[in-house]
Amino acid sequence: MDKQTKIFEILEARNRQDKSLDVSVDAGYTEEEIPAPSPRFEKLINIYYQMKNTIDMEIPYWYNRVWWENEGDVPEIRRAKAYGAALAHTTPTIWPGELLVMNKTKNWRGAFPFPWVDASFFNAQAEALLAEAEAPALAEADRMSVVGAGGGNVTESFGNVVSIAQKFGLRKEEVPILVKISRYWDNCSIEVVTQKYSEAIPDYYKYKAYRDTVLVMFDSWAIPQGREIINYYMPLEYGFDRIIEMCDEKIAEILGLAENGDGLLGMSRGYYYMAMKEITKGLSAWADNYGKRAESLAECEPDSQQKKEYEDIAVVMHNIAHKQPSTFREALQLTFLCHLAVVNEDPQSGQSIGRLGQVLQPFYEKDLEDGTITEEEAIELLELYRIKITSIECFASSGVTGGVLSGNTFNNLSLGGLARDGLTAVTPLEYLIVEAGTRARTTQPTLSVLYDEKTPEEFLMKAARCCKGGQGYPAWMNNQCGMNYMLRHYHDEGMTVEDARAWCLGGCLESSPGCFLPLHYNGKTTWIPGGAAPTAGTGIHFTGLPKLLELVLTNGVDKRTGIKVFEPHNRELKTLDDVWDVWMDYMTELCDISLKVNNIQMDIWRKNNPPVVASLLKPDCFTKGQTLSNMGCRYNSTINFESCGTVTFINAMASLKKNVFDEKKYTLDEMMDALEHNFGFKTAFETGVFSPDRREATDEAVKYEKIFTDCVNAPKFGNADPYVDDLMVHYEDLMTALMPTLKSYYGKPLYMCQISVSTHGPQGAITLASADGRLAGVTYADGSVSPAANTDKNGIYAVFTSATCYDHSRNQNAQMNVKIHPSAVAGINGTRKLLDVIRAYMRKGGFHVQFNITSSKTLREAQKKPDDYRDLMVRVAGFTQYWCEIGKPIQDEVIYRTEYEM
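Note that this is a predicted model, so its numbers are computed, not measured.

Analysis parameters
- Residues numbered from 1 in each chain as written.
- Predicted model: local features only at pLDDT ≥ 70, side-chain atom pairs only at ≥ 80, totals over all residues.
- Heavy atoms only, no water.
- Helix = DSSP H or I, 4+ residues; strand = E, 2+ residues; numbered from the N terminus.
- Rg over C-alpha atoms; globule rule 2.2 N^0.38 Å.
- Buried < 20%, exposed > 50% of the residue type's maximum accessible area, 1.4 Å probe, protein only.
- Contact = heavy atoms within 4.5 Å.
- Areas by Shrake-Rupley, 256 points an atom, 1.4 Å probe, with all protein chains shown as cover.
- Lys, Arg positive; Asp, Glu negative; His and termini not counted.
- Charge placed at Lys NZ, Arg CZ, Asp CG, Glu CD.
- Patch = residues over 30% accessible without salt bridge, like charges linked within 9 Å, V, L, I, M, F, W, Y side chains within 5 Å.
- Salt bridge = Lys/Arg side-chain N within 4 Å of Asp/Glu carboxyl O.
- Pairing = 2+ DSSP bridges.
- Axes fitted to C-alpha atoms, helices over the stretch in contact; angles between N-to-C directions.
- Core = buried A, V, L, I, M, F, W, Y, C linked by side-chain atoms within 4.5 Å.
- Phe/Tyr/Trp six-rings, centres within 6.5 Å; stacked < 30°, edge-to-face > 60°.
- Lys NZ or Arg CZ within 6 Å of the ring centre and 35° of its normal.
- Right-handed = clockwise from strand over helix to strand, strands pointing away.
- Arc of directions from axis to C-beta.
- Polar contact = N/O pair within 3.5 Å; in protein donor to acceptor, adjacent residues only side chain to side chain.

Enquirer: What is the right way to read the overall build of the protein chain from this model?
Expert: In terms of helices and strands, the protein chain carries 36 helices and 21 strands. Over its C-alpha trace the protein chain gives a radius of gyration of 27 Å, about what one expects of a compact globule, namely 29 Å for 902 residues. Summarising its shape, the C-alpha atoms of the protein chain cover approximately 85 × 80 × 60 Å along the three principal directions. The proportion of buried residues among the 902 residues of the protein chain is 65%. A separation of at least 24 residues holds for 77% of the contacts in the protein chain among residues at least 6 apart in sequence. Within the structure as shown, the protein chain displays about 31100 Å² of accessible surface, and the carbon and sulfur contribution to it stands at 52%. Looking at the protein chain, you have 92 positive and 120 negative side-chain charges, and the mean spots of the two groups are 1 Å apart.

Enquirer: Would you explain a nonpolar patch on the surface in this entry?
Expert: Where nonpolar side chains cluster on the molecular surface, the patch consists of Leu255, Tyr271 and Met274 and spans about 230 Å² of accessible area. Within the secondary structure, Met274 sits in helix 12 (residues 268-299).

Enquirer: Where do I start with the sheet that holds strand 15 (residues 640-644) in this structure?
Expert: As a general point, the strands of a sheet are linked pairwise by backbone hydrogen bonds and lie either parallel or antiparallel. Across the sheet, three strands lie side by side as 14-15-16; this open sheet has parallel pairing. Every interior strand has two partners, whereas the edge strands, strand 14 (540-544) and strand 16 (751-754), have only one. On average, each strand axis in the sheet is inclined to that of its neighbour by 30 degrees, with strand direction left out of account. As defined by bridge partners, strand 15 adjoins strand 16 across four bridges and the pair is classed as parallel. Of the residues in strand 16, the one forming a bridge with Asn640 is Tyr751.

Enquirer: Teacher, can you tell me more about the pattern of salt bridges here?
Expert: The final tally for this structure, using the stated rule, is 46 salt bridges. The residue Arg65 makes a salt bridge to Glu69 at a minimum N-O spacing of 3.7 Å. Taken together, the residues Arg65 and Glu69, both in helix 3 (residues 58-69) and four residues apart, mark about one turn of the helix. The exposure class assigned to Arg65 is partly exposed, which follows from its relative accessible area of 34%. Among the salt bridges present, the one from Asp673 reaches Lys703, with a minimum N-O distance of 3.8 Å.

Enquirer: How do you make sense of the nonpolar core when you look at a structure like this?
Expert: Across soluble globular proteins, nonpolar side chains show a tendency to be buried alongside one another. Grouped together as the largest cluster of nonpolar side chains are 263 residues, with contacts concentrated most on Phe328, Trp476, Trp583, Leu656, Phe679 and Phe851. A total of 16 residues in this core trace back to one element, the largest contributor, which is helix 24 (residues 576-608). Apart from the residues lying within four places of it in its own chain, the contact partners of Leu656 are Leu549, Leu553, Leu576, Phe661, Leu668, Met671 and Ala771. If you look at the next biggest cluster of nonpolar residues, it comprises 14 residues, including Phe121, Val162, Ile164 and Leu170.

Enquirer: What exactly am I supposed to notice about the packing of aromatic side chains here?
Expert: For any pair of aromatic rings, geometry is given as the distance between the ring centres together with the angle between the planes. As enumerated under the stated definition, the model contains 39 aromatic pairs in all. Plain terms: the ring middles of Tyr210 and Phe566 are 5.5 Å apart, the flat faces sit at 35 degrees to each other, and that makes the pair tilted. Placement of the pair is Tyr210 in helix 9 (residues 204-212) and Phe566 in the loop between helix 23 (545-553) and helix 24, with a sequence separation of 356 residues. An aromatic cluster of three or more residues is present, and its members are Tyr63, Trp67, Trp68, Phe112, Phe114, Trp116, Tyr184 and Trp185. The ring of Trp527 has Arg420 lying over it, and the distance from NZ or CZ to the ring centre is 3.9 Å.

Enquirer: Whenever I open this one, the pairing of strand 8 (residues 446-451) confuses me. Can you help?
Expert: One face of the sheet, then the other: side chains in a regular strand alternate in exactly this way. Of all six residues in strand 8, six are buried, a share of seventy percent or more. Alignment of strand 7 (residues 412-416) against strand 8, held across five bridges, turns out to be parallel. Paired with Ser414 across the strands is Ser448, a residue of strand 8. Since strand 7 and strand 8 lie parallel, the crossover through helix 19 (residues 428-439) that links them has a hand, and here it is right-handed. Here strand 8 pairs with strand 9 (residues 475-478) via four bridges, running parallel. The residue bridging Val449 from the neighbouring strand is Trp476, located in strand 9.

Enquirer: Teacher, can you tell me more about unusual backbone geometry here?
Expert: Put simply, Gln444 and Pro445 share a cis peptide bond, and its omega is -10 degrees. If you trace the backbone, Pro445 turns up in the loop between helix 19 and strand 8. Pro474 follows Tyr473 through a cis peptide bond whose omega is 0 degrees. Positionally, Pro474 belongs in the loop between helix 20 (457-467) and strand 9.

Enquirer: Explain helix 28 (residues 668-676) here, please?
Expert: An α-helix turns once every 3.6 residues. As a result, residues three or four positions apart point the same way. Within the span of helix 28, buried status applies to Leu668, Met671, Met672, Ala674 and Leu675. Buried residues along helix 28 cover an arc of 160 degrees about the axis, so they all sit on one side. Of the surrounding elements, those touching the buried residues of helix 28 are helix 23, helix 27 (646-662) and helix 30 (701-712). Directly beyond the C-terminal end of helix 28, a positive phi value near 55 degrees is found at Asn678.

Enquirer: What should I look at first to understand the pairing of strand 18 (residues 848-853) in this one?
Expert: Within strand 18, six of the six residues are buried, which leaves it mostly tucked inside the rest of the structure. Side chains His848, Gln850 and Asn852 of strand 18 all project onto a buried face; the interleaved residues Val849, Phe851 and Ile853 project onto the opposite face, where all are buried too. Strand direction decides the pairing type here: strand 9 and strand 18, joined by two bridges, are antiparallel. In the sheet register, Met477 faces strand 18, and the bridge partner there is His848. In this sheet, strand 18 lies alongside strand 17 (residues 817-820) in parallel orientation, the contact comprising four bridges. Each residue of the ladder has a partner; that of Val818, found in strand 18, is Phe851.

Enquirer: Would you mind showing me how to read the environment of Tyr635 here?
Expert: Residue position: Tyr635 is located in the loop between helix 26 (619-624) and strand 15. Through-space distance from the C-alpha of Tyr635 to that of Ala714 is 44 Å; in sequence the pair is 79 residues apart. Among residues more than four places away in sequence, those in contact with Tyr635 are Tyr490, Glu493, Gly494, Met495, Thr496, Asp499, Pro513, Gly514, Ala532, Ala533 and Pro534. Here the side chain of Tyr635 touches Asp499 through a polar contact of 2.6 Å, side chain to side chain.

Listed below in structure tokens is the structure:
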């Protein structure tokens, strides 16, 4: 008898004595049914479902008006006055049934243009609308990006509403306001000024070719903030009135003095505190206006319960307008106010919430002790918070909103990790955040678990249970991997082990530095984490790696457009090493030129458009008296190189290696002939199918049948095959060596950001067929270490072996997407199996894994009848989105991903 059988016999004998013990296969346990969200949540989310994305001109009007009035002022002070006035004049809208209030604009799903950043798009739209003419031709990235036609998206004009950016509706009566505001910035927006100086670069025409062919997806000024962690410490510790007093104290102390003889930044400290005073006054007035609105509503409300709710809102808003919050509800409302203030400051995505459950734990703990809140009441507030974050929109061109964001804005909330003392950071409030996310299924905030071996098993199981709900969150990050990256990359800026523990996700998947600060509340001192760096992005944006390989094979010419992107290399590519050499030559040139342009773009942005709310909230900025623009943050080496299509590129290289160079089945000319003729099939644009789900042959298919078969059957990444995996290692080695040679506008080295977001759709659309058997126009493989759909044949653990063939802590991130059929994780044993899968990947050194737990059958039905699946959500790439608001290319790619079953 083996040991396992003997153990089961002993347990069964004991079970006969103690009926509470059951050792059957499923252990006799069933998972408790997930409670429904609160009726209040249900009412408000159903209103949200009916709302359309609306352009509102109120904030731009007041911003422009006060900006004009202060012409000639110091940039950060002028900016603070203009933006502070815009907030103070925003119409406060409160809906019946709300407990948390405020939105981006007076409309529920509202957004507004930022012509001071991006003038040409809005000017062109405004002039066309005013003249009732056709909208101007789209930029190439916009044209190749597809926005989902359902949900809140306004993809077509109707009635008195015109569609802009294929997503937002603008009432015709507001067109003259858009025209007047946009015209002012025609010659002085960040876009226009950076264009002028970028054109002085001798090789600027090459950068234009990168953009016109969508080899590089977009410019940095398009979304100059975000992909970072917000820090709520200052208002939670001091309150707005005390911050204003502190500004006055600093002004009296240092205005007119140069610190340590520094006549450049030293003198700017006084202007910094004057700007911070102005913006804090605007934030305070914004909150007070909501309090006044609630009082007004209460006065005329006949229903006693609703009247009491308005009165409570008034108390909360007036309190947080001036002082440190005194309850959990006030603290949650204050953090949301600050969050909105930052995301309204610039067009942006990925302004991450950070580790909110650790930040707000002291407030929740006191309320619980005092008996002023129950767990269920806290969960309801957190459910309503989810609606508020989901309602945040980003108004940008369709290339950004559709081709990058898929309509999401990536407000990531991280959970777990380690506290300052090195022990688990999980708090009781984080259990409730997971519970709220399990019950109240909304796309935001997405949740991310910072997995650590010290994380309590109970919490991990709860998070895994949430994951099974099919909403795509939480995603799972390797805490030790993230800490190792922090210590590696920020060593020269003094990164400590304690600060490394404060890291979390900035944006959908960008590792970003943090720090711990002492919050004094309820007679206790609690070290709370928050962001300590500017944007972890705004570098070289989303370079299509397979497209770059295509250009190597076409001698630098984009066959789709006829544009000469690179000078012809005219090399005879006799070996795979020759292909690598030219590919790296092109990559190095692309990085050198793109970096110069992006540095100019961001330098002009920080000089002419310095962020003020973000510079108020980052505590190191306040301590130094420097804006985020002037490197006021603790850590500033945060600018990246973003790539897309890594696995498609590696698979293509593997096919070239096998079919052309090792086995010599085909010459490179024969391979290129097949690629240019799409292996004899129709393109994705001809069939309308953007995955390998269905192929339509042409008369030429017979000619290319053999080479197509050999390309499809060539070794593929994700099967624990060193033949392919070694190519990934080589790629990582080459790029990791290149990054330190590139210096950002902060003078700091770049790093690799390996995520796809939604760019694998439009960038796949502009790429010819590739040597791995992918057809022209078909999306790239998602993520950065996810196998191409249905090419992984050896199971999920083989996928993990391939994915961890290199050290993930060398770079900012790596991205792994996994699709599982719900039947595979049913019941409590299924939850345990899911957690075992996650733990196995984390222990192998994987940085990130996220799951779509749904069936392809359901997704196909939803694609046919989107109105019947309004609340269906899927995980795309670092974020969750409503299915009906995603463009068809990305929908097709998600449907076709490998689906793991029992």
